[in-house]
Amino acid sequence: QVQLSESGGGLVQAGDSLRLSCAAPGRAFTNVAMGWFRQPPGTEREFVAAISWGGHKTYYTDSVQGRFTISRDIAKNTVYLQMNSLRPEDTAVYYCAAANGPATTDVVQGSLRHWGQGTLVTVSS
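If you're wondering where the values come from, they're calculated on a predicted model, not measured in any experiment.

Conventions used here
Residue positions are given per chain, counting from 1 as you read along its sequence in written order. With pLDDT at 70 or above as the cut-off, local features in this predicted model cover only qualifying residues; side-chain atom pairs require 80 or more to be listed or tallied, and sums for whole chains, interfaces and linings still use all residues. The side-chain quantities take in all heavy atoms of the structure and omit both hydrogens and water. Working definition of a nonpolar core: buried Ala, Val, Leu, Ile, Met, Phe, Trp, Tyr and Cys residues. They are joined through side-chain atoms within 4.5 Å. Each residue's exposure class comes from its accessible area (1.4 Å probe, protein chains only) as a fraction of the maximum for that residue type: buried when under 20%, exposed when over 50%, partly exposed otherwise. Where helices and strands are cited, they refer to DSSP runs of H or I of at least four residues and of E of at least two residues respectively, numbered from the N terminus. Points on a 1 Å grid over protein atoms alone make up a cavity when a 1.4 Å probe fits among them but cannot get out, and a pocket when they form an open set with protein on both sides within 12 Å along at least five of seven lines; lining residues each have an atom within 4 Å of a point. Grid points are joined across faces, edges and corners, and a volume is the space filled by probe spheres set on the points. Here a polar contact is taken to be a pair of N or O atoms separated by no more than 3.5 Å, where protein atoms must pair a possible hydrogen donor with a possible acceptor and residues adjacent in sequence count only if both atoms sit in side chains.

Asker: Sorry if this is basic, but what is going on with the nonpolar core here?
Answerer: Most often, soluble globular proteins have nonpolar side chains that are buried together. Among the nonpolar cores identified, the biggest contains 28 residues, and Met34, Trp36, Leu81, Met83 and Tyr94 are the most heavily contacted of them. Where this core is concerned, the elements lending two or more residues are strand 3 (18–23), strand 4 (34–39), strand 5 (46–51), strand 7 (68–73), strand 8 (78–83), strand 9 (92–99) and strand 11 (119–124). At 4 residues, strand 9 tops the list of elements feeding residues into this core. If you look at the next biggest cluster of nonpolar residues, it comprises 8 residues, including Ala33, Ala50, Ala97 and Ala99.

Structure follows, in structure tokens:
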């Protein structure tokens with residue numbers, strides 16, 4: 001199965017920033033929407049952000065709106081999540097996912113074909 005490789009997680013203080021990266025090999029997933037999800041300790045995975053296949057549209061969950069930015073570099077086949085003004089409640093394992101279709105709604109609705117293994121973000125006070 002094609003691999004999605006997340007990186008960029010770590011331990012930071014509240015108010016700090018991190019940038020997560022999600023890389024796919026070759027041309028895999030370049031024509032579908034991509035998204036970021038997170039799983040706080042002891043909870044189900046939840047949607048964070050989505051970006052359409054060409055990067056023209058983005059969508060965010062309310063709790064990260066204005067603080068997080070999703071982007072993608074088509075040439076590098078890499079998706080990014082810039083996280084600013086981090087809060088302790090942002091602590092979670094963050095997962096990159098590829099959708100079954102090209103639209104952000106495919107990500108939001110959970111129509112997903114592949115997941116990465118996750119990268120841990122811990123925000124301390």
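Picking up after the structure, the text goes on.
Asker: Teacher, can you tell me more about empty space enclosed by the protein here?
Answerer: To find leftover empty space, one rolls a probe the size of a water molecule over the atoms. Applying the stated criterion to the full structure yields 1 cavity of 30 Å³ or more. Volume-wise, the largest cavity comes out at about 50 Å³. Cys22, Ala24, Ala28, Phe29, Met34, Arg72, Asp73, Ile74, Asn77, Thr78 and Val79 together form the lining of the largest cavity. If you list the elements that add at least two residues to the lining of the largest cavity, you get strand 7 and strand 8.

Asker: Please clarify how the side chain of asparagine 77 should be interpreted in this entry.
Answerer: Within the secondary structure layout, asparagine 77 lies in the loop between strand 7 and strand 8. For asparagine 77, a relative accessible area of 7% puts it in the buried group. Side-chain polar atoms of asparagine 77 contact the backbone oxygen of glycine 26, separated by 3.0 Å.

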